[in-house]
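# Survey of secondary and tertiary structure
Now for the letters of each chain:
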Amino acid sequence: MGEAERGDTAPRQRIVFFCANGHETATVFAVEAAIPEAWDCPRCGLPTSTDVNNPPPPPKIEPYKTHLAYVKERRSEQEAAEILDEALQKLRARRARGEVIF
């Protein structure tokens, strides 16, 4: 099955994208297609652009946060101490009533 059966192919253009590691990625687009401003580098995964002299910087990678880190963002040390004291008072009261066994 060739062009005779399918018709003419759309006119194409070759666009080269550049990443911060110096990789070049050539991609073919139809002439009437919108060219994306950014593309992912297939070698290293960094974002790319068509500007060879000014490729986009690597994205900031934020370290993994534990549940405790998120809690500490929302509560001050004083609030945490108050919540802990309240929970301990409730637990001691339940133990005094015999609801909780050691």
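Here the structure is shown first, and the text comes after it.
Notes on the structure follow. All of these numbers come straight from a predicted model, not from anything done at the bench.

### Description of the sheet that holds strand β1 (residues 12-19)
Note on sheets: strands pair through backbone hydrogen bonds, and any given pair is parallel or antiparallel. Ordered by their spatial adjacency, four strands build an open sheet running β2-β1-β4-β3, and the pairing between neighbours is antiparallel. With partners counted over all chains shown, the strands left at the sheet margins are β2 (24-30) and β3 (39-40), one partner each.

### A short note on the pattern of salt bridges
As enumerated under the stated definition, the model contains four salt bridges in all. A salt bridge links Arg94 to Glu99; the shortest N-O distance between them is 3.4 Å. A relative accessible area of 47% places Glu99 in the partly exposed class. The partner of Arg97 in a salt bridge is Glu99, with the nearest N and O atoms 2.8 Å apart. Connected through shared salt-bridge partners, Arg94, Arg97 and Glu99 make up one network.

### Observations concerning helix α3 (residues 77-97)
With 21 residues, α3 ought to run about 30 Å at 1.5 Å a step, and its terminal C-alpha atoms sit 30 Å apart, in line with that. Backbone geometry just downstream of α3 places Gly98 in the positive-phi region, at approximately 85 degrees.

Cut-offs used in this document
- Numbering of residues begins from 1 in every chain and follows the order in which that chain's sequence is written.
- Totals for whole chains, interfaces and linings use all residues, but because this is a predicted model, local features are given only for residues with pLDDT of at least 70 and pairs of side-chain atoms are given and counted only at 80 or more.
- Hydrogen atoms and water are omitted, and side-chain values are computed over all heavy atoms in the structure.
- We call two strands paired when DSSP finds no fewer than two bridges between them.
- Only DSSP runs of H or I reaching four residues or more are called helices, and only runs of E reaching two or more are called strands; each is numbered from the N terminus.
- For salt bridges, the criterion is a side-chain nitrogen of Lys or Arg within 4 Å of an Asp or Glu carboxyl oxygen.
- Three exposure classes are used, based on accessible area relative to the maximum for each residue type with a 1.4 Å probe and protein chains only: buried under 20%, partly exposed in between, and exposed over 50%.
- A helix is expected to span 1.5 Å for every residue after the first.

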